[in-house]
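# Remarks on the overall topology
Below, each chain spelled out in residue letters.
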Amino acid sequence: MTLDEINTPSWISEQFAGYENVTSSLPFLYITDRHNPRITASVLDKIYRNNGDCSPTRVAHISAAACFTARLLYDTVLNALAGWEVAWENGCQNWPGEDGKRYNDSIDSFLHGLRNLRNKSREKAKRNGRAVDEEPTMVLLIERAERLKDNLPDLIVPLTRLAELSQVRITTILLSSVRWEDIKPPLGASPDPYFIDIDPPSKPDTIDSLVFAFRSTSTTQARAGTQDRTYHPSLLPLYEQYVEHVYNVCSLYTTDIHELQYIAAARWPGFVKPVLQEQCEANEDGDPDLDGTCHELTLPASDGRMRLLKFFTPSLTVALDTLYPRLTNATDWAAANDPDMQVSDEAQSQTNTEGSIIVDHLPRMSKFILLAAFLASTNPAKSDVRMFGRGADKQKRRRRKSASPKKAGVQTTVAKVSQRLLGPTVFPLDRLLAILGALLEENDVENRPHDPCFELPGEHTDMELGRVHIYAAITELTYMRALHRTTAVEKLEGPPMYKCGISFWVAGALAKDLQVPLNDLMWDPV
């Protein structure tokens with residue numbers, strides 16, 4: 001699949017329906033697209049080049065980032081309007097015009113080149129038998145127009161008044177992701193443009209564009225005779241569910257269709273690899289279907305699809321962190337992150353066993369952190385004051401009363417399932433530190449060296465909780481998968497949320513090693 005190019009979506013073409021006839025008579029337009037300016041530029045270029053109007057239209061589509069000098073801009077515009085291709089055979093010469101003059105010395109010579117190009121178009125129309133007074137239409141589309149303010153600020157005013165200065169029927173279109181008020185020259189030197197604001201694409205429109213790229217790739221490969229099983233037409237329903245999941249994961253950070261397509265195309269071969277391997281094993285010969293026509297691929301059931309999506313969700317986040325800032329390319333990333341489902345399933349099954357997480361080598365403070373995380377995931381938050389608070393009777397705790405058997409004939413309520421059986425719940429970082437402080441104050445005071453600087457009860461524990469090694473230990477336990485962070489690292493609002501990753505038996509082994517009465521600290525004891 002093409003990673004750097006995407007087909008024209010229909011949702012944005014509808015916003016320009018009928019504009020090609022109106023904008024041809026306007027001297028200056030300014031289009032703002034904050035989300036997908038590259039797609040808008042390709043749509044405009046296709047609209048004007050495929051204009052069915054009888055009047056000839058010459059289009060020059062340039063980028064202000066590439067044309068960073070005035071001569072580059074003049075030569076690129078004139079070559080595009082004249083249909084001149086710079087080639088090695090003609091000595092890499094720019095468009096010579098009728099007199100062989102250079103039109104890139106100044107703005108005056110550039111305007112002279114535009115008038116010369118118009119006269120040539122009239123002569124060509126006369127030879128073809130059309131009306132001599134027919135004025136050729138020219139369109140100058142400048143993408144990333146905000147770069148003009150940094151590179152060519154003196155050309156903003158002449159470009160916006162290009163039709164007035166050259167006396168040529170030409171329309172200047174500036175396409176940018178910023179507002180016109182941010183780049184317009186001072187003192188009202190430029191005329192007020194005709195504004196067009198492009199609406200952001202919705203979720204269905206974005207998914208339709210990504211799915212349309214899959215169809216185009218599959219059709220192109222079928223016509224060329226190089227059908228790849230990765231883009232087999234029968235995989236289209238699976239790809240639709242896949243790109244919807246990609247959008248749900250990455251839309252919080254970017255909604256650019258090109259970026260989403262880049263990430264989806266990089267992860268798709270590895271995502272569909274288990275399906276293709278299972279299909280090859282199902283065939284008697286086991287040979288891969290290179291042309292994609294011998295066998296129809298059987299898609300996995302809904303539970304198999306959910307299993308695939310759950311397995312590849314962490315890799316989508318990694319792909320976003322690596323490919324979105326272009327730390328590497330998609331091909332190298334896909335090769336480096338090629339998954340092996342069978343080995344991963346075995347590793348996951350080993351991870352879920354009772355003795356898989358080795359806690360013997362952990363420091364004493366890390367063991368206390370894991371024990372505090374287990375209690376935070378098992379006990380409800382409202383029970384912390386009762387279980388860990390210290391009142392008049394320091395050792396007295398009010399636990400949840402165990403359910404007693406009811407007499408026959410008495411109406412009973414539905415028994416509540418223990419939280420230990422339902423699984424761990426998420427908790428904020430400050431709650432973890434509060435429970436950790438209570439555990440250290442109750443069970444670790446005798447093991448600390450005496451420090452005369454701390455005389456008040458709990459003062460030494462509060463100091464320990466603020467040290468860097470506590471947060472470093474939490475981060476290390478997260479990398480070990482003993483703790484699971486449920487919030488994104490780059491999310492600044494709200495405290496970090498975690499979830500315990502150890503079982504009850506591992507927590508019991510930790511409590512026995514630390515000599516902590518775990519059963520007395522649980523709200524719903526075993």
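Figured I'd write up the structure that's included with this text. Bear in mind the structure is a predicted one, so any value in this text is a computation, not a measurement.

Rules behind the numbers
- Within each chain, residue numbers correspond to sequence positions counted from 1 in written order.
- Where totals are concerned, whole chains, interfaces and linings use all residues; where local detail is concerned, this predicted model gives features only for residues with pLDDT of at least 70, and gives and counts side-chain atom pairs only at 80 or more.
- As a rule here, side-chain values come from all non-hydrogen atoms in the structure, and water together with hydrogens is ignored.
- By definition, any uninterrupted DSSP run of H or I lasting at least four residues is a helix, any uninterrupted run of E lasting at least two residues is a strand, and each is numbered from the N terminus.
- To estimate the expected span of a helix, count its residues, drop one, and scale the result by 1.5 Å.
- Relative accessible area decides the class of each residue, using a 1.4 Å probe on protein chains only: under 20% of the type maximum gives buried, over 50% gives exposed, and in between gives partly exposed.
- Fitted lines through C-alpha atoms serve as axes, helices being fitted only where they are in contact, and the angles separating the N-to-C directions of these axes extend from 0 to 180 degrees.
- The cut-offs work like this: below 35 degrees is roughly parallel, past 145 is roughly antiparallel, 65 to 115 is roughly perpendicular, and the gaps in between are oblique.
- Helix crossings get a hand from a simple test, with the near helix turned counterclockwise from the far one by less than a right angle marking a left-handed crossing and a clockwise turn marking a right-handed one.
- In what follows, a contact means two residues having at least one pair of non-hydrogen atoms within 4.5 Å.
- Note that Gly is not counted as nonpolar here; it falls among the polar residues with everything else outside the nonpolar set of Ala, Val, Leu, Ile, Met, Phe, Trp, Tyr, Cys and Pro and the charged set of Asp, Glu, Lys and Arg.
- Among buried residues, those of type Ala, Val, Leu, Ile, Met, Phe, Trp, Tyr and Cys that are joined through side-chain atoms within 4.5 Å constitute a nonpolar core.
- Each polar contact in these results corresponds to two N or O atoms within 3.5 Å; when the atoms are within protein, one needs to be able to donate a hydrogen and the other to accept it, and residues that are neighboring in sequence are counted only if both atoms are side-chain atoms.
- Two strands pair under a simple rule: DSSP has to find at least two bridges between them.
- Ring pairs shown here join Phe, Tyr and Trp side chains whose ring centres sit within 6.5 Å, with only the six-membered ring taken for Trp; geometry is labelled stacked below 30 degrees between planes, edge-to-face above 60, and tilted in between.

For helix α18 (residues 429–443), with 15 residues, the first-to-last C-alpha span of 21 Å sits near the 21 Å given by 1.5 Å per residue. Burial of α18 is extensive: 11 of the 15 residues sit out of reach of the surface. Among all positions in α18, only Leu429, Arg431, Leu432, Leu433, Ile435, Leu436, Gly437, Ala438, Leu439, Leu440 and Asn443 are buried.

Moving on, we come to the packing of helix α10 (residues 236–250) against helix α12 (residues 302–323). Interhelical geometry of α10 versus α12 gives an angle of 45° and a closest axis separation of 10 Å. As far as their axial angle goes, α12 and α10 are oblique. Handedness of the crossing formed by α10 with α12: right-handed. On α12, the residues touching Pro237, Leu238, Gln241, Tyr242, His245, Val246, Val249 and Cys250 of α10 are Arg305, Met306, Leu309, Thr313, Leu316, Thr317 and Leu320. Residue classes in the contact of α10 with α12 are distributed as 10 nonpolar, four polar and one charged.

Compared with an ideal rise of 1.5 Å per residue, which puts 13 residues at 18 Å, helix α4 (residues 70–82) spans 18 Å between its outermost C-alpha atoms and is within 8% of the ideal. Inspection of α4 places Leu73, Tyr74, Asp75, Val77, Leu78, Asn79 and Leu81 among the buried residues, and these make up the whole buried set. One or two residues past the end of α4 sits Gly83, with phi positive at roughly 70°.

Moving on to the nonpolar core. Counting residues in hydrophobic clusters, the biggest one holds 43 residues, and the most contacted among them are Ile369, Phe374, Leu375, Leu439, Ile474, Ile502 and Leu518. Contributing elements (two or more residues each) for this core: α15 (364–378), α16 (384–388), α18, α20 (468–479), β8 (497–500), α21 (504–514) and α22 (518–521). Here this core gets 10 residues from one element, more than from any other, and that element is α15. Core analysis: the next-biggest nonpolar cluster, separate from the first, contains 39 residues, Ile47, Ala266, Leu276 and Phe312 among them.

Attention now moves to the environment of Thr206. One can find Thr206 in helix α9 (residues 203–224). Taking C-alpha positions, Thr206 is 9.0 Å from Leu260, a pair spaced 54 residues apart along the chain. Among the polar contacts listed, one links the side chain of Thr206 to the backbone oxygen of Ser202, at a separation of 3.0 Å.

Here we come to the environment of Leu316. Looking at the secondary structure, you find Leu316 in helix α12. Sequence separation between Leu316 and His245 is 71 residues, and the spatial gap between their C-alpha atoms is 9.5 Å. In contact with Leu316, other than residues within four places in its own chain, are Tyr242, His245, Val246, Val249 and Arg267.

Our next topic: the side chain of Ser109. Mapped onto the elements of the fold, Ser109 is located in helix α5 (residues 107–127). Residue class for Ser109 comes out buried when judged on its relative accessible area of 14%. Apart from the residues within four sequence positions on either side, Ser109 is in contact with Arg102, Tyr103 and Asn104.

Taken N-terminus to C-terminus, the directions of α18 and α20 make an angle of 115°; their axes are 13 Å apart at the nearest point. Note on packing geometry: the crossing formed by α18 with α20 is right-handed. Facing α18, whose interface residues are Leu429, Leu432, Leu433 and Leu436, α20 presents Ile470, Tyr471 and Ile474. Partitioning the contact of α18 with α20 into residue classes produces seven nonpolar, no polar and no charged.

Let us now look at the sheet that holds strand β4 (residues 170–176). If you walk across this open sheet you meet the five strands as β2-β3-β4-β1-β5, and the pairing is parallel. Across the chains shown, the open sheet's two edge strands, defined by having one partner strand only, are β2 (57–63) and β5 (194–197). Strand-to-strand, the axes of this sheet are offset by a mean angle of 15°, without reference to chain direction. Bridge count for strand β3 (residues 137–143) against β4 is six bridges, and the pairing is parallel. Within β4, the residue paired with Met138 across the bridge is Ile170. Here α4 sits on the sheet in contact with β2 and β3, set at roughly 150° to β2.

Going through the model one piece at a time under the given rule, you end up with 16 aromatic pairs. Relative to Phe271, the ring of Trp268 has its centre 5.8 Å away and its plane inclined at 25°; by these criteria the two rings are stacked. Linking Trp268 with Phe271, this pair stays in helix α11 (residues 257–282), spanning three residues, or about one helical turn. Grouping residues by exposure puts Trp268 and Phe271 together as buried.

The strand order across the open sheet formed by three strands is β6-β8-β7, and the pairing between neighbours is antiparallel. At either margin of the open sheet sits one strand with a lone partner, and together these are β6 (426–428) and β7 (483–485). Each strand axis lies, on average, 40° off the axis of its neighbour in the sheet, ignoring direction. Note: β7 against β8, three bridges, orientation antiparallel. Across the sheet, Arg485 pairs through a bridge with Tyr498, a residue of β8. Along the sheet, α18 contacts β6 and β8; its crossing angle with β6, the most-contacted strand, is approximately 80°. Running over the sheet, α20 touches β7 and β8 and is turned about 95° from β7.

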